[in-house]
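# Observations on chain architecture
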Amino acid sequence: MGETRQQREDRERRNRIAEQQGAARRAIGAELRRARLDANVSLRALGLASSLDPSHLARVEAGRRALGQDALVAAATALGRDVSVRLFESAAAPHVRDRLQVLMIEALLTALHPRWAPRLEVPVYRPVRGVIAVVLQD
């Protein structure tokens, strides 16, 4: 039996998230390596200063492993750096503002002719910034 549309979308989203996590892991590893080299510190010295295994730090720098938050803070502190995190708005899923809006959009999408392709949460920049809940594309 084949995949349903929902199962396929779920699988595709999990794959996108895994790709994003891998990219983030590689970026953090590269940034850690850059900070360590800028400080002229060896993996062994960083491991001793941060109480982390140097071989694990090498895998983190290579992007093959991730550091937990506490370990990342310990490594950054040992290098005289700060850790910051930024959260970005996701384009993967629409925002639910209220239950009535969701019911209206759901009713519209179920009544659509197959030739119409809905695009949810389309950003608008002119004349003002905002988001259009649904755009129908032919």
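Shown above is the structure to which this text applies.
All residue numbers refer to positions counted from 1 along the written sequence of the respective chain. Local features in this predicted model are restricted to residues whose pLDDT is 70 or higher, and side-chain atom pairs enter the listing and the counts only when it is 80 or higher, whereas totals over whole chains, interfaces and linings include all residues. Calculation of side-chain values draws on the structure's entire complement of heavy atoms; hydrogens and water are dropped beforehand.

### What about the packing of helix 2 (residues 43-50) against helix 4 (residues 69-78)?
Basically, it comes down to this: Orientation is described by lines fitted to C-alpha atoms, with helices fitted over the stretch in contact, and by angles between N-to-C directions that extend from 0 to 180 degrees. A run of H or I in DSSP becomes a helix once it reaches four residues, and a run of E becomes a strand once it reaches two; helices and strands are each numbered from the N terminus. These descriptions rest on fixed angle ranges, namely under 35 degrees for roughly parallel, over 145 for roughly antiparallel, 65 to 115 for roughly perpendicular, and the rest for oblique. For any pair of crossing helices, the crossing counts as left-handed if the nearer helix is rotated counterclockwise from the farther one by less than a right angle, and right-handed if it is rotated clockwise. Working rule for contacts: check all heavy atoms of both residues, and any pair within 4.5 Å makes them a contact. Each residue is assigned to one class: nonpolar for Ala, Val, Leu, Ile, Met, Phe, Trp, Tyr, Cys and Pro, charged for Asp, Glu, Lys and Arg, and polar for all the others, Gly among them.
In the contact formed by helix 2 and helix 4, the axes pass within 9 Å of each other and the chain directions differ by 115°. Relative to helix 4, the element helix 2 is oriented roughly perpendicular. Seen from above, helix 2 lies across helix 4 with right-handed handedness. Facing L46, A49 and S50 of helix 2, the residues of helix 4 in contact are A74, A75 and A78. Of the residues belonging to the contact of helix 2 with helix 4, the class tally is five nonpolar, one polar and no charged.

### Quick word on the packing of helix 2 against helix 3 (residues 54-61)
At a minimum axis distance of 8 Å, the contact between helix 2 and helix 3 shows a crossing angle of 115°. Comparing their axes, helix 3 and helix 2 come out roughly perpendicular. Crossing of helix 2 over helix 3 shows right-handed handedness. Residues L43, R44, L46, G47 and S50 of helix 2 pack against P54, L57, A58 and E61 of helix 3. Taken together, the residues of the contact of helix 2 with helix 3 sort by class into five nonpolar, two polar and two charged.

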